[in-house]
Amino acid sequence: MYDGDIIDPHHHLWDLTSGWYPWLTTDRSDEMVFGDPAPLAQNYMIPDYLANWSGLSLTKSVHITAAHAGVDATAETRWLQELAGAHGFPHGIVAGAALEQENVEWTLAAQAEFANVRGIRQIVSWHKNPVFNFCERSDILADAKWRRGFAMLNKFGLSFDLMLFPTQLPDALDLARAFPETRIILNHTGSPVDRDEAGLARWRDGMKSLSTADNVAVKISDLCAYDHDWTVASFRPFVRDTIEWFGVERCMFASDFPVALLHGSARQIYSAFMEIVADLSADEQCALFHDNAVNYYGL
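These remarks concern the structure in this document. The structure presented is a predicted model; accordingly, all values stated were derived computationally and were not measured.

A word on the layout of surface pockets
Piece 1. Computed from the structure, the largest pocket encloses a volume of approximately 1100 Å³.
Piece 2. If you go around the largest pocket, you meet 37 residues; those closest to its centre are A67, H68, I123, F134 and C135.
Piece 3. Here the lining of the largest pocket is built from residues that sort into 18 nonpolar, 10 polar and 9 charged.

Here it is as structure tokens:
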């Protein structure tokens, strides 16, 4: 099984004294799609993150925004850039921006000034179950004002991290085809939350269709958010089907720590990934665990 260097292209850090994370503090719910968020409501900093990787060869990481954008979307980015200067980690930053806002061009320009910024994420995940919702609208990907902001990403050399639910995959395909020059990186394997027959078929059909857009890559990550009692066998079809559809060259394994740690350790989760792709060539495994993250995030 794979025993080489690992790059983690999806994790979070937070200092709850900042006030940037109301979803963990003042507005915390009793249940989210990944379960009870209460165990996450404590500071999670670089030493905590690195300690979670004990026994594995983590070499670099990409931080994905988890903050409420607020008035100044660059505040979290500034903090992360300072952490990178002090600790080395994170090596890449995917910053926040509300693409529908009138001042989005200023925000994107300001975010792009930070040395480690590689892309933007704005969570668009909408689900008919309000417990799972991260976005108030189901159709934001098709909104003209939002797309105006999305169209500016390429101007600043920024990719877009796309987090949604399977019902939104058709809109994601339309977006990818409308902006073929913008690199889109799908989060969490397309978030396959609905596990009945219809829900799984919707995920499969949506992912297969989205894979026809060459500018879309996938992070295979945090499958345990949608499968709390997971096993290697339950992970396997989601991992292998995604790799079959998108190809090894457009997939990468990622952690989503500390959220994924609610349902497994780094050793448990990554051992599962390693077992599932053990039959692939050494170069293919290296691409999934390391090289593709270098390419997609400019590390």
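Let's pick the thread back up.
What to know about the packing of aromatic side chains
Piece 1. Counted according to the given criterion, the structure contains 21 aromatic pairs.
Piece 2. Members of the aromatic cluster, connected to one another through ring pairs, are Y2, Y44, Y49, W53, W230, F235, F253, F257, Y270, F273 and F289.

Re the sheet that holds strand β8 (residues 251–253)
In sheet architecture, strand pairing relies on hydrogen bonds along the backbone and comes in two forms, parallel and antiparallel.
Piece 1. An order of β1-β2-β3-β4-β5-β6-β7-β8 is seen for the 8 strands of this open sheet, with the pairing classed as parallel. Single-partner strands in this sheet number two, and they are β1 (6–11) and β8. Taken pair by pair, the neighbouring strands of this sheet meet at an average axis angle of 25 degrees, ignoring direction.
Piece 2. Sheet topology note: the strand β5 (residues 159–162)/strand β6 (residues 184–186) ladder contains 3 bridges and is parallel. Its bridge partner lying in β6, F160 is registered against I184.
Piece 3. Its contacts with the sheet place helix α2 (residues 74–87) against β2 (58–64), β3 (92–96) and β4 (117–121), and it is angled at close to 165 degrees to β3.
Piece 4. Here helix α8 (residues 266–276) sits on the sheet and contacts β1, β7 (216–220) and β8; the angle it forms with β1, its principal contact strand, is near 120 degrees.

Examining the pairing of β1
Taken residue by residue, a regular strand's side chains alternate between the two faces of the sheet.
Piece 1. Counting buried positions along β1 yields 6 of 6 residues, so the element is predominantly enclosed.
Piece 2. Here β1 runs beside β2; their pairing, made up of 4 bridges, is parallel. Among the inter-strand pairings, D8 is bridged to a residue of β2, identified as S61.
Piece 3. In the classification by handedness, the crossover that spans β1, the intervening helix α1 (residues 46–52) and the parallel β2 is right-handed.

Notes on the environment of Q111
Piece 1. When you line up the elements, Q111 lands in helix α3 (residues 104–112).
Piece 2. Given a relative accessible area of 0%, Q111 falls into the buried group.
Piece 3. Distance in space between the C-alpha atoms of Q111 and Q122 is 13 Å, their sequence separation being 11 residues.
Piece 4. Once you skip the residues sitting within four places of it in the chain, Q111 turns out to touch A73, T74, T77, A95, G96, V117 and I120.
Piece 5. Within polar-contact distance, the side chain of Q111 engages the side chain of T77 at 2.7 Å.
Piece 6. In terms of polar contacts, Q111 uses its side chain to reach the backbone carbonyl oxygen of G96, at 2.8 Å.

Observations concerning the packing of helix α7 (residues 232–246) against α8
Piece 1. Taken N-terminus to C-terminus, the directions of α7 and α8 make an angle of 60 degrees; their axes are 10 Å apart at the nearest point. Put simply, α7 runs oblique to α8. Remark: the crossing between α7 and α8 carries right-handed chirality. Within the contact between the two elements, α7 uses V232, F235, R236, V239 and R240 and α8 uses A272, F273, E275 and I276.
Piece 2. Here the residues of the contact of α7 with α8 sort into 6 nonpolar, no polar and 3 charged.

A look at α7
Piece 1. Across its 15 residues, α7 extends 21 Å between first and last C-alpha, which sits within 8% of the 21 Å expected from 1.5 Å per residue.
Piece 2. When α7 is considered as a whole, its buried residues turn out to be F235, F238, V239, T242, I243, W245 and F246.
Piece 3. Residues of α7 that are buried make contact with α6 (197–210), β7, β8, α8 and α9 (282–297).
Piece 4. Where α7 ends, the next residue or the one after it, G247, has phi of about 85 degrees, a positive value.

Things to note about α9
In an α-helix there are 3.6 residues to a turn, and that puts residues three or four apart on one side.
Piece 1. When the terminal C-alpha atoms of α9 are compared, their 22 Å separation across 16 residues agrees well with the 22 Å that a helix rising 1.5 Å per residue should span.
Piece 2. When the local axis directions of α9 are compared, the greatest deviation, roughly 60 degrees, occurs at L288.
Piece 3. Within the sequence span of α9, burial applies to Q285, A287, L288, F289, H290, N292, A293, Y296 and Y297.
Piece 4. Phi turns positive, to about 60 degrees, at G298, one or two residues after α9.

Thresholds, definitions, all that
Residues numbered from 1 in each chain as written. Predicted model: local features only at pLDDT ≥ 70, side-chain atom pairs only at ≥ 80, totals over all residues. Heavy atoms only, no water. 1 Å grid on protein atoms, 1.4 Å probe; cavity = no way out; pocket = protein on both sides within 12 Å on 5 of 7 lines; lining within 4 Å. Points joined across faces, edges and corners; volume = space filled by probe spheres on them. Nonpolar A, V, L, I, M, F, W, Y, C, P; charged D, E, K, R; others polar. Phe/Tyr/Trp six-rings, centres within 6.5 Å; stacked < 30°, edge-to-face > 60°. Pairing = 2+ DSSP bridges. Helix = DSSP H or I, 4+ residues; strand = E, 2+ residues; numbered from the N terminus. Axes fitted to C-alpha atoms, helices over the stretch in contact; angles between N-to-C directions. Contact = heavy atoms within 4.5 Å. Buried < 20%, exposed > 50% of the residue type's maximum accessible area, 1.4 Å probe, protein only. Right-handed = clockwise from strand over helix to strand, strands pointing away. Polar contact = N/O pair within 3.5 Å; in protein donor to acceptor, adjacent residues only side chain to side chain. Parallel < 35°, antiparallel > 145°, perpendicular 65-115°, else oblique. Left-handed = near helix turned anticlockwise from the far one by under 90°. Expected span 1.5 Å × (residues − 1). Bend = angle between axes of the 7 residues up to and from the residue.

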